[in-house]
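Descriptive analysis of the structure
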Amino acid sequence: MNNFGSGDAVEDIKQRLSVEDVAADYVELKRAGRNLKGLSPFGNEKTPSFIVSPEKQIWHDFSSNKGGNMFSFVMEMEGVDFRGSLEILARKAGIDLEQYARSSSGESTKLKTRIYEATDLAVRYYMQALKKSPEAIEYLLGKREFNRSTLQEFKIGYAPTHFDGLTRQLQKKGFSDDELKRAGLSTYRGRGVSDMFRGRIMVPLMDPQGVAIGFTARILQDDPNAPKYLNTPQTLLYDKSRHVYGLSQAKQAIRSAGAVVMVEGNLDVIASHQAGVKFVVATAGTALTESHLKTLSRFTDDIRIAFDQDSAGLKATERAVGLAAGVGIKLSVVDVPEGKDPDELVRKNPKLWEASVAKPVYSIDWLRLYHQKAHDVKTAEGKRAYTDAMLRVIGLVKDPVEREHYLKTLAKDVDASLEAMSSKFEQRPNDDKRLKTPKAASEPTTDQDAYQDQLLGLLLVHTITRRVLETVDDEPIFAKPERREVFEYIALHPHDTFDGTIPEGLQNIEDYVKIITLLAEELYATFDANERLREAQDLVRRLTKDYKKLQRQKLSSAIREAESRGDDTSVQDLLAKFNDSYKEDKE
């Protein structure tokens, strides 16, 4: 929930901004009748399919079937939630959200603003300090082989060894000791308040909009008594479990590639970007979380991990399988040749790195090959260790068909029966079942979604098409609430004409209604009445066919599960339903 009166803020932002102004920051728009058109920002295309309606204050992208208002557009483009989009648009509109804050959160909002300001000044301080440190410059330009434009792009700096150089600078700017401590820039030591980071290469951590929220600090002179890397402690701005490094620089490349590569280190990201492979981001080491995957899933469902191939990287890969199943993404692994880490490979052979990220291996297949190499599956002991490792992974798979596939594959790998492998799977120790998969995310947009929206737009705007209602009113093909609501409204008002005004019964889903009417205008404005009716009939046939196909797939899966349980009664009932569905098609 937002900690401020978001309703008032939303209305004030709408008064100051228009959806076309917001979209124009990301997409080149050209006038096309009453609407504006541009190339989709969600993929590569040559024919414009992105539509903005200034009249309705709505956008729609035909290539991805996404659409909404200015807030949803910023959420899609920046990979943020509603609050994040509100804050971005408030800044663009020149609105201070603090004025809407409840008294309980006013101080927190003010402190966040101060931390933003202090962190931005720290970035500048460290960048200036780098220019004065030949040793740090030699490390970055020489050993790491970064060029100066890369250092500037990622705002790399250096924290001098002074006890309190940054602290004193920021105190002169009016920041209190408490503010600097809560920003993670200063700390209390024996001699008083001092700089948190000293003698380290400073890599700013940015939010998805490119605003600094903290730092990763790499020690310049290796010291066995000091950690190689230090991160800003958790603050009001920075949360290690949620932050994805490099997202602000990579998000457009991710959209273009339709995929993202996750590596362990921030310097790996920088090296990859310098080599031209820019759809690369990082977690804090191998500490991959569900929040990381959810953030990235806003940009793509094709997530590839390229962790160092050591024990920590292997454990992180296994853990990611369970997380990915819950978030609903495709997880694969970039097989880094010769066991190198990405940074080393990028520097030695950038073309090989580019080829590697382009050919990832599905995560479970990669783990299977890894464990086959680690264990001698020709021996009894090797078979036991190999199957122990893989059954732990298979236990994270939630789809029953996929799980059965890998149980069969595993049985074949060790020359065992499926029954024996299934028995061992069911008898796994409880600690092997400790990783629980989160609830699945909402289903991605499909062609069926687009067809449903097109049909509902036709039915709502063009009365003649409602002749098809008698063929769909018993089919639950409109499962999602807003689609079902529109369909039921039309069915209850079959003779009402649509004059562009949102009917009272649909005003609670106003944005969705605007989107489907925009679709009807764009797609069917040049059709005559008979063509619109035929289009509606074709859409009904297609949706009905796809719906029945999906139902049969679900029945097939249920039959396999019942067979594996030995439940003959359920098998017979399900087979009867399956056969009935085919009979209905022939009638």
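Residues numbered from 1 in each chain as written. Predicted model: local features only at pLDDT ≥ 70, side-chain atom pairs only at ≥ 80, totals over all residues. Heavy atoms only, no water.

So, the overall build of the chain
Looking only at helices and strands, the chain features 25 helices and 16 strands. Viewed in the frame of its principal axes, the chain has a C-alpha envelope of about 85 × 70 × 45 Å. Per-residue burial for the chain yields a buried fraction of 48% across its 587 residues. Put simply, 65% of the contacts in the chain that link residues at least 6 apart link residues at least 24 apart. If you sum the accessible surface of the chain, you get close to 29,400 Å²; carbon and sulfur atoms cover 47% of it. (Helix = DSSP H or I, 4+ residues; strand = E, 2+ residues; numbered from the N terminus. Buried < 20%, exposed > 50% of the residue type's maximum accessible area, 1.4 Å probe, protein only. Contact = heavy atoms within 4.5 Å. Areas by Shrake-Rupley, 256 points an atom, 1.4 Å probe, with all protein chains shown as cover.)

What to know about empty space enclosed by the protein
Evaluated as defined, the whole model comprises one cavity of 30 Å³ or more. Per element, the largest residue contribution to the lining of the largest cavity is three residues, and it comes from helix 13 (residues 311–327). (1 Å grid on protein atoms, 1.4 Å probe; cavity = no way out; pocket = protein on both sides within 12 Å on 5 of 7 lines; lining within 4 Å. Points joined across faces, edges and corners; volume = space filled by probe spheres on them.)

Points about the sheet that holds strand 14 (residues 302–306)
The five strands are arranged 13-12-14-15-16 in an open sheet whose pairing can be described as mixed. The open sheet terminates on both sides in strands that have one partner only, identified here as strand 13 (280–282) and strand 16 (361–362). Sheet analysis places strand 15 (residues 330–333) next to strand 16, joined by two bridges and oriented antiparallel. Paired with S332 across the strands is Y362, a residue of strand 16. Lying on the sheet, helix 11 (residues 266–274) is in contact with strand 12 (260–263) and strand 13; it crosses strand 13 at an angle near 170°. (Pairing = 2+ DSSP bridges. Axes fitted to C-alpha atoms, helices over the stretch in contact; angles between N-to-C directions.)

Some points on helix 17 (residues 380–394)
Every α-helical turn comprises 3.6 residues, leaving residues that sit three or four positions apart pointing alike. With 15 residues, helix 17 ought to run about 21 Å at 1.5 Å a step, and its terminal C-alpha atoms sit 21 Å apart, in line with that. Buried residues of helix 17: G382, A385, Y386, T387, A389, M390, L391, V393 and I394, and no others. Elements that come into contact with the buried residues of helix 17 comprise helix 13, helix 16 (363–374), helix 18 (400–413) and helix 19 (418–426). (Expected span 1.5 Å × (residues − 1).)

Focus on the confidence of the model for the chain
When pLDDT is averaged along the chain, the result is 85; 91% of the residues meet or exceed 70. Confidence scores differ between elements of the chain, with helix 25 (residues 568–586) showing the lowest mean pLDDT of 72 and strand 6 (residues 157–159) the highest of 97. Within the model, pLDDT remains below 50 along residues 1–5, and this stretch shows 14 contacts once partners closer than five positions in the same chain are excluded. Note that residues 430–444 has pLDDT below 50 and, in this model, 21 contacts with residues that lie over four places away or in other chains. (pLDDT = per-residue confidence, 0-100.)

A look at the sheet that holds strand 1 (residues 30–32)
Across the sheet, which stays open at both edges, the five strands sit in the order 1-2-3-4-5 with antiparallel pairing between neighbours. Looking along the sheet, the strands with just one partner apiece sit at the ends: strand 1 and strand 5 (66–68). Across the sheet, the mean angle separating the axes of adjacent strands is 20° when strand polarity is ignored. Bridge count between strand 1 and strand 2 (residues 35–38): three bridges; the pairing is antiparallel. Note that in strand 2 the partner of K30 across the bridge is K37.

Examining the layout of surface pockets
The space that makes up the second largest pocket amounts to roughly 1,100 Å³. Lining the second largest pocket are 33 residues, and of these D81, G84, P208, L237 and R242 sit closest to its centre. Of all elements in the fold, only helix 4 (82–93), helix 5 (103–131) and helix 12 (290–297) reach the threshold of two or more residues within the lining of the second largest pocket. Looking at the lining of the second largest pocket residue by residue, the classes come out as 11 nonpolar, 12 polar and 10 charged. (Nonpolar A, V, L, I, M, F, W, Y, C, P; charged D, E, K, R; others polar.)

Some points on the packing of aromatic side chains
Taken as a whole and judged by the stated rule, the model has 12 aromatic pairs. Seen from their ring centres, Y126 and F215 are 5.2 Å apart, and the 90° between their planes marks the pair as edge-to-face. Of the two residues, Y126 sits in helix 5 while F215 sits in strand 10 (residues 212–219), which places them 89 residues apart along the sequence. For Y126, a relative accessible area of 1% puts it in the buried group. A residue is classified by how much of its surface remains accessible, and F215, at 1% relative accessible area, is buried. Members of the aromatic cluster, connected to one another through ring pairs, are Y26, F42, F50, W59 and F73. Directly above the ring of Y451 sits R542, whose terminal nitrogen or CZ lies 4.5 Å from the centroid. (Phe/Tyr/Trp six-rings, centres within 6.5 Å; stacked < 30°, edge-to-face > 60°. Lys NZ or Arg CZ within 6 Å of the ring centre and 35° of its normal.)

Section: the nonpolar core
Grouped together as the largest cluster of nonpolar side chains are 97 residues, with contacts concentrated most on Y126, V261, V281 and W353. Per element, the largest residue contribution to this core is nine residues, and it comes from helix 5. Once residues lying within four places of it in the same chain are set aside, the contact partners of V261 are F279, V280, V281, R304, A306, V334, W353 and V357. Membership of the second largest hydrophobic core comes to 28 residues, among which are L456, V486, L506 and V540. (Core = buried A, V, L, I, M, F, W, Y, C linked by side-chain atoms within 4.5 Å.)

Structural notes on helix 10 (residues 247–257)
For helix 10, the full list of buried residues reads L247, S248, A250, K251, I254 and R255. The buried residues of helix 10 occupy one face: seen down the axis, they fall within an arc of 145°. Considering only its buried residues, helix 10 is in contact with helix 3 (70–78), strand 9 (200–206), strand 12, helix 11, strand 13 and helix 12. Downstream of helix 10 by one or two residues, G258 has phi in the positive range, about 70°. (Arc of directions from axis to C-beta.)

Thoughts on the pattern of salt bridges
The tally for this structure, following the rule as stated, stands at 33 salt bridges. The partner of D222 in a salt bridge is R218, with the nearest N and O atoms 3.0 Å apart. R218 sits in the buried class, given a relative accessible area of 6%. A salt bridge links R242 to D239, with the nearest nitrogen and oxygen atoms 3.7 Å apart. Judged by relative accessible area, D239 falls into the partly exposed class, the value being 21%. Because the salt bridges share partners, they merge into one network encompassing R34, E55, K56 and E521. (Salt bridge = Lys/Arg side-chain N within 4 Å of Asp/Glu carboxyl O.)

Comments concerning the side chain of R532
Locating R532 in the fold gives a position in helix 24 (residues 529–565). With residues up to four places along the chain from it excluded, the contact list for R532 reads L458, H462, T465, Y524, A525 and F527.

Some remarks on the pairing of strand 9
The element strand 9 is largely enclosed, with a buried count of seven among its seven residues. Pairing between strand 6 and strand 9: three bridges, direction antiparallel. Bridge pairing in strand 9 places A159 opposite R200. With seven bridges connecting them, strand 9 and strand 10 associate as antiparallel partners. Residue pairing in the sheet places M206 in a bridge with A212 of strand 10.

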